[in-house]
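# Coordinate inspection notes
Here are the chains, one letter per residue:
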Amino acid sequence: MAYDYDKSIRPGKLPHIWCPGCGHGIVMKGLIRAMDTCELDRDNTAIVSGIGCASRLPGYLDACTLHTAHGRAAAFATGVKMAKPEMNVIVCGGDGDGTAIGGNHFIHACRRNIDMTYVIMNNYIYGMTGGQFSPCTPTGDKASTTPYGNPDPIFDISKLAIGAGATFVARTTAFHATQIDKLITEGIKHKGLAVIEVLDDCPTTYGRRNKFRSVVDMMKRLKDISVPVAAASKMTAEQLEGKTLTGILHQEDKPEYTAMYKEVIKRAGGAA
Amino acid sequence: MSKAKGEVEIIEKYCKGCNICVEFCPTKVLEMDLFVVKAAKPEACIACMQCELRCPDFAIKVNKIA
Ligand SMILES: Cc1ncc(C[n+]2csc(CCOP(=O)(O)OP(=O)(O)O)c2C)c(N)n1
Ligand code: SF4
Ligand code: SF4
Ligand code: SF4
């Protein structure tokens with residue numbers, strides 16, 4: 001049977017606003033499938049975002065959604081989770097929202113290991129505002145603000161998340177549609193802060209400035225650069241040049257923040 | 001192994017003509033027709049679901065018929 005996405009989408013919301021070939025739609029479908037697999041009760045699930053094309057995602061979904069201020073998704077989501085620890089909290093947004101203006105909130109959510117799932121769509125650019133470079137725009141690439149090539153080194157979002165203390169970190173791409181829902185499913189099941197980085201495409205503001213003739217070219221690149229972690233262990237440094245590891249990159253058990261906070265409330269004599 | 005067969009349904013008003021489904025269909029069922037996809041060889045569909053999974057626009061559905 002064709003997959004029933006309609007039951008998860010707010011009536012009358014399609015077609016969505018994303019450009020032809022924008023990978024955010026592929027990620028949204030993956031998120032829906034993951035929420036179905038985990039049988040998340042939509043009335044008990046908060047999907048929180050900041051600002052950007054990627055951050056428009058929650059508005060399409062029939063769940064408890066919160067479209068907040070630029071970069072502040074993790075902060076609002078932390079508030080929701082602290083007030084209602086029994087709720088499933090999912091954050092989604094772009095590389096700009098999550099690692100530039102919202103970088104601080106992102107690393108501290110990771111550090112606290114609060115039980116949320118953060119789906120970050122890394123399309124290497126600020127799509128919504130016309131293609132300014134982000135901390136994830138590859139060095140040398142062109143953005144509207146780096147017409148002669150970007151001199152900055154990048155943030156590797158997954159490494160940043162691991163370094164900051166996230167206890168589940170995984171990466172995939174918009175090309176690998178089935179892996180998107182598998183990894184988000186694992187992230188939702190994980191107790192603690194789970195980051196799923198999805199390498200994504202923005203044909204409109206990144207692709208056309210950077211040697212990609214079509215959406216399909218961008219999809220093929222996502223396919224070509226990806227190496228599953230298991231396969232990478234058998235490859236030489238030379239073979240791994242220019243490649244990106246995909247799959248679960250890091251997973252550990254650590255005390256979860258809302259559970260620890262409950263203990264604090266108890267010690268302080270409050271009603272747990 | 002028995003061959004699976006699929007029936008492709010295109011929701012034309014959602015299709016943005018990005019070409020992803022056309023490119024990655026293994027049996028070349030799909031074709032672009034003035035920025036909207038059409039099933040040019042519907043009988044060749046093997047219900048692999050690649051197009052439905054990757055369409056960013058919810059514009060293509062495949063039902064297994066065998
Ligand atoms: C406080 C504030 N600063 C700047 C902006 C302008 N702005 C809107 S979206 C955006 C970048 C979004 O980029 P990203 O999060 O990567 O998402 P994309 O659009 O690429 O999906 C910026 C800078 C804003 N809305 N609010
Ligand atoms: S500008 Fe880029 S990120 Fe925004 S909808 Fe268009 S393709 Fe997607
Ligand atoms: S299901 Fe597979 S074979 Fe059928 S049209 Fe889609 S991609 Fe082609
Ligand atoms: S992938 Fe979807 S939007 Fe793109 S051409 Fe195919 S049906 Fe149309």
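Scroll up to find the structure.
Residues numbered from 1 in each chain as written. Chains lettered and ligands numbered in written order. Predicted model: local features only at pLDDT ≥ 70, side-chain atom pairs only at ≥ 80, totals over all residues. Heavy atoms only, no water.

## Regarding the site of ligand 4
Around ligand 4, a shell composed of Cys15(B), Lys16(B), Gly17(B), Cys18(B), Asn19(B), Cys21(B), Met32(B), Val37(B), Cys55(B), Pro56(B), Asp57(B) and Ala59(B) is seen. Split by residue class, the shell around ligand 4 holds 8 nonpolar, 2 polar and 2 charged. (Near = heavy atom within 4 Å. Nonpolar A, V, L, I, M, F, W, Y, C, P; charged D, E, K, R; others polar.)

## Focus: the site of ligand 3
Around ligand 3 lies a shell of 13 residues, among which Cys25(B), Cys45(B), Cys48(B), Met49(B) and Cys51(B) are the nearest. For the shell around ligand 3, the residue count by class is 11 nonpolar, 2 polar and no charged.

## A word on the interface of chain A and chain B
Listed per partner, the contact involves 28 residues of chain A and 20 residues of chain B. Counting each side, the surface lost to burial between chain A and chain B is near 2,000 Å², with a carbon and sulfur contribution of 65%. Run the count over chain A and chain B and you get 2 salt bridges. Note that Lys220(A) and Glu23(B) form a salt bridge whose closest N and O atoms lie 2.9 Å from each other. The interface formed by chain A and chain B contains 11 residue pairs in polar contact (both at pLDDT 80 or more). For the side of chain A that touches chain B, the secondary structure elements donating two or more residues are α1 (24-37), α6 (177-189) and α7 (215-225) of chain A. Per-element tally for the side of chain A that touches chain B: the top contributor is α1(A), with 6 residues. Residue classes in the side of chain A that touches chain B are distributed as 20 nonpolar, 4 polar and 4 charged. (Contact = heavy atoms within 4.5 Å. Buried area = accessible area lost by both parts, 1.4 Å probe. Salt bridge = Lys/Arg side-chain N within 4 Å of Asp/Glu carboxyl O. Polar contact = N/O pair within 3.5 Å; in protein donor to acceptor, adjacent residues only side chain to side chain. Helix = DSSP H or I, 4+ residues; strand = E, 2+ residues; numbered from the N terminus.)

## Details of the packing of helix α4 (residues 103-112) of chain A against helix α5 (residues 157-164) of chain A
Between two packed helices, the angle of one axis relative to the other and the distance separating the axes together describe the packing. Residues and elements named next belong to chain A. As a packed pair, α4 and α5 sit with axes 7 Å apart at the nearest point and diverge in direction by 45°. Comparing their axes, α5 and α4 come out oblique. As for how α4 packs across α5, the hand of that crossing is right-handed. Where α4 approaches α5, its residues Phe 106, Ile 107, Cys 110 and Arg 111 are matched on the opposing element by Ile 157, Leu 160, Ala 161 and Ala 164. Here the contact of α4 with α5 is composed, by residue class, of 7 nonpolar, no polar and 1 charged. (Axes fitted to C-alpha atoms, helices over the stretch in contact; angles between N-to-C directions. Parallel < 35°, antiparallel > 145°, perpendicular 65-115°, else oblique. Left-handed = near helix turned anticlockwise from the far one by under 90°.)

## Quick notes on the nonpolar core
Membership of the largest hydrophobic core comes to 72 residues, with the highest contact counts inside it found for Met28(A), Leu57(A), Leu61(A), Ile184(A), Met219(A) and Leu30(B). Residue contributions to this core peak at 7 residues, all from α1(A). Other than its neighbours up to four places away in sequence, Leu57(A) contacts Trp18(A), His24(A), Met28(A), Leu31(A), Cys92(A) and Met121(A). The next biggest cluster of nonpolar side chains, apart from the first, holds 25 residues, and it includes Ala77(A), Val80(A), Ile120(A) and Val195(A). (Core = buried A, V, L, I, M, F, W, Y, C linked by side-chain atoms within 4.5 Å. Buried < 20%, exposed > 50% of the residue type's maximum accessible area, 1.4 Å probe, protein only.)

## Let's talk about the pattern of salt bridges
Opposite charge on two side chains permits pairing when their charged atoms draw close. Residue and element names in this part refer to chain A. Here the structure, examined in full by the defined rule, presents 13 salt bridges over all chains. In this structure, the salt-bridge partner of Arg 33 is Asp 181, at a minimum N-O distance of 2.7 Å. Taken together, the residues Arg 33 in helix α1 and Asp 181 in helix α6 connect sequence positions 148 residues apart. Residue classification places Arg 33 among the buried positions, given a relative accessible area of 6%. A relative accessible area of 12% places Asp 181 in the buried class.

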